[in-house]
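Close look at the chain arrangement
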Amino acid sequence: MSNLTSRTLVALVAIPAIFFITYQGDWVFFLFVVVLTVLGMLEYYKLAEAKGTHPQKVLGVILGIILLVMFFKELFLFTKLPFFIFSFSFFIFIVELFRNKENPIQNLATTFFGIIYIAGSFGTLLALREMQNAELVIAIFISIWICDSAAYFGGRAFGKHKLFLRVSPKKTWEGAIAGFLGAIMSVFALYNTILHNYSLNELIMLSVFVGVFGQLGDLFESLLKRDANIKDSSTIIPGHGGVLDRFDSLLFVAPMVYMYFKFVIGN
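1. Points about the overall build of the chain
Counting its regular elements, the chain contains nine helices and two strands. Taking 267 residues into account, the globule formula puts the C-alpha radius of gyration at 18 Å, and the chain, at 19 Å, falls close to it. The buried share among the 267 residues of the chain stands at 47%. Carbon and sulfur atoms form 69% of the exposed surface of the chain, whose accessible area is close to 13,600 Å².

The following block contains the structure:
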């Protein structure tokens, strides 16, 4: 079975399932995000281990799940951010003190960053689903997928100028522009269906977040994999790689959309 066939078959099953889970919301969506977070954090820690560090995988995942609960139950207030940083850091510091592993500075950094990068980003997706609605989250999924596809096919058809050669040799500026345009068109195409309750300014910002930060998220994950000399974060999703390979854009888009609606729009 070819890679394209595998990708297509997985997409035919996964996309309706993700839509259903997102519409269900509540604990169904929470458990779905927990699974993504745990798998994503383990993939990230595997990349860190490939560089010779020893992240605290078990503690990192536990603290990541606690962070998800805080977002899900709206316990996470930015006024409590210093307390959150100190408390989580304290546990990680104490454990590292007794581990007797080399490179403790790197171990601490990679452990904590995995919590922020994976659990923190997925946590904002949970909060966004609770704060707004399922339709907005589904629109984010759709626009990211269209942006990725437009960037891929646009790059193959017109790509000549390399975007970030040292990070991802195949990505081009032409592909990035095609992805950005795909994000804009997808968001506004959804206005007459699931995004009709949102204003023009909100749609513009959503499309910019997907078109710009979604592609930055993809580049960032490519940077991590290239540094670790690993092609895919895992092989858990046939034809798609791992959770980080499939949801790297979402990890940058979700926090931006969440902060926009939380602090700019204020709802």
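2. Considerations on the environment of Ala 228
By secondary structure assignment, the location of Ala 228 is in helix H8 (residues 200–228). For Ala 228, a relative accessible area of 9% translates into the label buried. As for Ala 228 and Leu 39, which are separated by 189 residues in sequence, their C-alpha atoms are 18 Å apart. Beyond its immediate chain neighbours, meaning those up to four positions away, Ala 228 contacts Leu 47, Ala 50 and Lys 51.

3. What to know about the packing of helix H2 (residues 26–50) against helix H3 (residues 57–72)
Direction vectors running N to C along H2 and H3 enclose 150°, while the axes themselves pass 10 Å from each other. For the element pair H2 / H3, the angle class is roughly antiparallel. Between H2 and H3 lies a crossing of right-handed hand. Together, Asp 26, Trp 27, Phe 30, Val 33, Val 34, Thr 37, Val 38, Met 41, Leu 42, Tyr 45 and Glu 49 of H2 and Lys 57, Gly 60, Val 61, Gly 64, Ile 65, Leu 68, Val 69 and Phe 72 of H3 make up the contact between the two elements.

4. Section: H2
Working note: α-helix, 3.6 residues per turn, so residues spaced by three or four point in the same direction. Taking 1.5 Å per residue, 25 residues should reach 36 Å; H2 reaches 36 Å between its end C-alpha atoms and fits that length. Among the residues trailing H2, Gly 52 stands out with phi positive, at a value near 90°.

5. What about a nonpolar patch on the surface?
Taken together, the side chains of Phe 86, Phe 90, Phe 91, Ile 94, Leu 97 and Phe 98 define a hydrophobic patch exposed on the protein surface, amounting to about 710 Å² of accessible area. By the element assignment, Phe 90 lies in helix H4 (residues 81–97).

6. Observations concerning the side chain of Gln 56
Locating Gln 56 in the fold gives a position in the loop between H2 and H3. Classification of Gln 56 as buried rests on a relative accessible area of 4%. Among the polar contacts listed, one links the side chain of Gln 56 to the backbone oxygen of Ile 92, at a separation of 3.0 Å. If near-sequence neighbours (up to four positions away) are discounted, Gln 56 is found in contact with Tyr 45, Ile 92, Val 95, Glu 96, Arg 99, Leu 108 and Thr 111.

7. Some points on the packing of aromatic side chains
Tallying each qualifying case throughout the model produces 22 aromatic pairs. With centroids separated by 6.1 Å and ring planes inclined at 75°, the aromatic side chains of Phe 90 and Phe 91 adopt a geometry described as edge-to-face. Taking the relative accessible area as the measure of exposure, Phe 90 reaches 42% and is therefore partly exposed. For Phe 91, a relative accessible area of 46% translates into the label partly exposed. Ring-pair connections join several aromatic residues into one group, and the members of that group are Tyr 44, Tyr 45, Phe 113, Tyr 117, Phe 220 and Phe 252.

8. Some words on unusual backbone geometry
The phi dihedral of Asp 26 is positive, around 50°, even though this residue is not glycine. With respect to the helices and strands, the residue Asp 26 is situated in helix H2. In this structure Asp 26 comes out as partly exposed when scored by relative accessible area, which is 46%. Of note, Asn 100 is a non-glycine position whose phi angle comes to about 60°, a positive value.

9. Some thoughts on the nonpolar core
Grouped together as the largest cluster of nonpolar side chains are 65 residues, with contacts concentrated most on Ile 115, Phe 122, Leu 136, Ile 140, Leu 195, Leu 250 and Val 257. Examining the composition of this core, we find that eleven residues originate from one element, helix H9 (residues 243–265), more than from any other. Here Leu 195 is in contact with Glu 135, Leu 136, Ala 139, Val 187, Leu 190, Leu 203 and Leu 206, once residues within four sequence places are set aside.

10. Remarks on the pattern of salt bridges
Within the structure shown, the criterion is met by seven salt bridges. When the shortest N-O distance is used, the salt bridge between Arg 99 and Glu 96 registers 2.9 Å. Residue Arg 99 is classed as partly exposed on the basis of its relative accessible area of 23%. The class of Glu 96 is buried, set by a relative accessible area of 7%.

11. Description of the environment of Ile 184
Within the secondary structure, Ile 184 sits in helix H7 (residues 173–189). Linking Ile 184 and Phe 252, residues 68 residues apart in sequence, is a C-alpha distance of 17 Å.

Analysis parameters
Residues numbered from 1 in each chain as written. Predicted model: local features only at pLDDT ≥ 70, side-chain atom pairs only at ≥ 80, totals over all residues. Heavy atoms only, no water. Helix = DSSP H or I, 4+ residues; strand = E, 2+ residues; numbered from the N terminus. Rg over C-alpha atoms; globule rule 2.2 N^0.38 Å. Buried < 20%, exposed > 50% of the residue type's maximum accessible area, 1.4 Å probe, protein only. Areas by Shrake-Rupley, 256 points an atom, 1.4 Å probe, with all protein chains shown as cover. Contact = heavy atoms within 4.5 Å. Axes fitted to C-alpha atoms, helices over the stretch in contact; angles between N-to-C directions. Parallel < 35°, antiparallel > 145°, perpendicular 65-115°, else oblique. Left-handed = near helix turned anticlockwise from the far one by under 90°. Expected span 1.5 Å × (residues − 1). Patch = residues over 30% accessible without salt bridge, like charges linked within 9 Å, V, L, I, M, F, W, Y side chains within 5 Å. Salt bridge = Lys/Arg side-chain N within 4 Å of Asp/Glu carboxyl O. Polar contact = N/O pair within 3.5 Å; in protein donor to acceptor, adjacent residues only side chain to side chain. Phe/Tyr/Trp six-rings, centres within 6.5 Å; stacked < 30°, edge-to-face > 60°. Core = buried A, V, L, I, M, F, W, Y, C linked by side-chain atoms within 4.5 Å.

Any functional reading would require information beyond the geometric quantities listed.
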